[in-house]
Amino acid sequence: MTAKILHEMTIAEAGRALRAGETSSVALTEASLARIAAVDGDLDAFVLLTPERAMADARKADADFAAGVDKGPMQGVPYGLKDIFDTAGIRTTCHSRLRLENVPEQDCTVAERLAAGGGVLIGKLGTYEFAIGGPSFDLFHPPARNPWNRDHTTGGSSSGSASAVAASMVPMAMGSDTGGSIRGPAAYCGIVGTKPTYGRVPKRGIFPLSYTLDHAGPLTWTVEDAALTMQVIAGHDALDPHSVDVPVPDFTAGLGQDLKGMRIAYARDFLVGNPVANPEIVAMLDAAAERLATLGAIVEEVTLPPYDKFAACQRTIMYAEAFAIHEQDLKTRPMAYGRYAYQRLLQGGILSAADYLQALRLRRELAAYISDTVLGPYHAILAPTGLTPAPAMDTYSEDVAPWSGMMTGPFNATGHPALAFPIGFSANGLPLGAQLVGRAFDEATLFRIAAAFEASAALNTRRPMSSTVTATMPTGALHTV
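What this report covers is the structure whose coordinates are included nearby.

About the cut-offs
Residues numbered from 1 in each chain as written. Predicted model: local features only at pLDDT ≥ 70, side-chain atom pairs only at ≥ 80, totals over all residues. Heavy atoms only, no water. Helix = DSSP H or I, 4+ residues; strand = E, 2+ residues; numbered from the N terminus. Rg over C-alpha atoms; globule rule 2.2 N^0.38 Å. Contact = heavy atoms within 4.5 Å. Areas by Shrake-Rupley, 256 points an atom, 1.4 Å probe, with all protein chains shown as cover. Lys, Arg positive; Asp, Glu negative; His and termini not counted. Charge placed at Lys NZ, Arg CZ, Asp CG, Glu CD. Core = buried A, V, L, I, M, F, W, Y, C linked by side-chain atoms within 4.5 Å. Buried < 20%, exposed > 50% of the residue type's maximum accessible area, 1.4 Å probe, protein only. Axes fitted to C-alpha atoms, helices over the stretch in contact; angles between N-to-C directions. Parallel < 35°, antiparallel > 145°, perpendicular 65-115°, else oblique. Nonpolar A, V, L, I, M, F, W, Y, C, P; charged D, E, K, R; others polar. Pairing = 2+ DSSP bridges. Right-handed = clockwise from strand over helix to strand, strands pointing away. Phe/Tyr/Trp six-rings, centres within 6.5 Å; stacked < 30°, edge-to-face > 60°.

**A closer look at the overall build of the chain**
- Along the chain, the regular secondary structure elements total 14 helices and 13 strands.
- On C-alpha atoms alone, the chain measures out to a radius of gyration of 21 Å, which is about the 23 Å that the 2.2 N^0.38 rule sets for 481 residues.
- Expressed as lengths along the three principal axes of its C-alpha atoms, the size of the chain is roughly 60 × 55 × 45 Å.
- Sequence separation of at least 24 residues holds for 79% of the intrachain contacts in the chain that already meet a minimum separation of 6.
- Counting only carbon and sulfur atoms, one obtains 54% of the accessible surface of the chain, whose full area is about 17,200 Å².
- Between the averaged position of the 38 positive side-chain charges in the chain and that of its 49 negative side-chain charges there is a distance of 2 Å.

Written out as structure tokens, the structure reads:
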């Protein structure tokens, strides 16, 4: 196997090769580090590399395999963590000057589980500052760039995670999602992004943006890889007050099954009539609905509550909770923030207790409507992830935090699981995506539907920067912090 083949391996492919003795975790890790050295100078996905830790993890995984110890699907597989995930003894900055010296004493729950599962930590990935302010050029590290065209954004806030997976630096990177911060970057970068049901994956040790809206989940190249990662990270954490104690299913059980009997509600009304909606996205979403129907699903258009109602609910809760988290630093160290994060966080300071409580009340109504009226008769909702392909970096103002064309916030407000997946490419070669939204704690059905679409559309056979030569080099030559 060449280094290029190794760094493009999915989790599933790597797992089969490792267990068959066709490769080693050390080889996979060296290929990942070499790929990062070759391409990340153009993309700025990683804010911190941990090559010594990675090679130690890899050697341990290989030794376990040799001893007949199998810890699950992530054993021996490289991965990265968004830099809001605490890592014991490894700096966690939230991509902010305010936390440049922050070195946690404990891993977050997700990092604990990935380590216990034999995964290989490659490093920490860039994010919008505190998962809200970006893409910003006034921080200690530049924003991540889109591997399909580096002059375009990845979306946020899981920007480095999406860039690293799309550019084949790692097969999986963890992100967080408060209003679309996993699904937006996944759509812009042509990969799969999973926002689990609220409470499915513990958030303990992940720096919060909004206590009641935050979700943690993986960004991967394939749907199967998303399901395999969920098998490792999902499950109750008694120390996390937001964690829900429900059984963890076999997330891969429905992969490879057809869609006969599946009923899918198509939320086309989120796009129709919106003057900002790119016609290419409307056409691609219609084509995706048609493809799902040809695969055996019953796809019917439905009308959801107005998008603006969802958005007002989600944003009010997010800004109120984010301001509460940052209030002291905003008062005492305002100039330490980047401009975008400061502007966005301050919005919470003008909200009243009545605003917040009314938003919480509305959230219950919207969540009940989605659960009962829509997801009662339907297994899933097909909806847009955003209104446009990835914007160009030079369209962002230096002074005003940019408008986001994402359509993902509604399902943070309701807490339902949502899966972003690629549906095609725009005329300028940028990826286009959609999302599937499912019943609470029924991620497995979303994986089944998206995997059937993925196999039929075969969009993931095309990778960005695939012609880039990956040189083999000693890990000691890699930049570390």
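**Concerning the nonpolar core**
- By size, the foremost hydrophobic cluster in this structure holds 110 residues, and its most contacted members are Phe85, Leu114, Met174, Ile381 and Leu382.
- Tallying contributions element by element places helix α10 (residues 307–332) first for this core, with 10 residues.
- Aside from chain neighbours lying at most four places away, what touches Leu382 is Ile264, Ala265, Tyr266, Ala267, Leu285, Ala289, Leu292, Phe421, Ala434, Gln435 and Leu436.

**Here's the deal with the packing of helix α3 (residues 25–43) against helix α4 (residues 51–66)**
- α4 packs onto α3 with a crossing angle of 155° between their chain directions and a minimal axis gap of 8 Å. Between α3 and α4, the interaxial angle falls into the category roughly antiparallel. Contacts from Ser25, Val26, Thr29, Glu30 and Leu33 of α3 reach α4 at Pro51, Ala54, Met55, Ala58, Arg59, Ala61 and Asp62.
- Class assignment for the residues of the contact of α3 with α4 results in seven nonpolar, two polar and three charged.

**Some words on the environment of Leu430**
- Note that Leu430 resides in the loop between β12 (418–425) and β13 (431–438).
- On the basis of relative accessibility, which here comes to 1%, the residue Leu430 falls in the buried class.

**Overview of the pairing of β12**
- Counting buried positions along β12 gives eight out of eight residues, so the element sits mostly inside the fold.
- Relative to β12, strand β7 (residues 192–195) runs antiparallel, the two sharing three bridges. Looking across to β12, one finds that Thr194 is bridged to Leu419.
- In terms of strand pairing, β12 meets β13 through seven bridges, oriented antiparallel. Residue pairing in the sheet places Leu419 in a bridge with Leu436 of β13.
- In this antiparallel pair of consecutive strands, β12 and β13, the connection spans five residues, and Gly429 shows a positive phi of 90°.

**Some words on the pairing of strand β9 (residues 263–266)**
- In the sheet, β9 pairs with strand β10 (residues 298–301) via four bridges, with the strands oriented parallel. Residue Ile264 lies in a different strand from β10, and its bridge partner there is Val299.
- The handedness of the β9 to β10 crossover, carried by helix α9 (residues 279–294), is right-handed.
- Here β9 pairs with strand β11 (residues 380–384) via three bridges, running parallel. Opposite Ile264, over in β11, you have Ala380 as the bridge partner.

**Things to note about the packing of aromatic side chains**
- Per the counting criterion, the structure on display carries eight aromatic pairs.
- Here Phe251 and Phe447 contribute two aromatic rings whose centre-to-centre distance is 6.1 Å and whose plane-to-plane angle is 85°, an arrangement assigned as edge-to-face. Residue Phe251 is located in the loop between α8 (223–233) and β9, and its partner Phe447 is located in helix α14 (residues 443–457); the two are separated by 196 residues in the primary sequence. Grouping residues by exposure puts Phe251 and Phe447 together as buried.
- Between Phe421 and Phe453, the ring centres sit 5.2 Å apart and the planes meet at 70°, which makes this aromatic pair edge-to-face. Linking Phe421 in strand β12 with Phe453 in helix α14, this pair joins segments that are 32 residues apart in sequence. Phe453 shares its class with Phe421; the two are buried.

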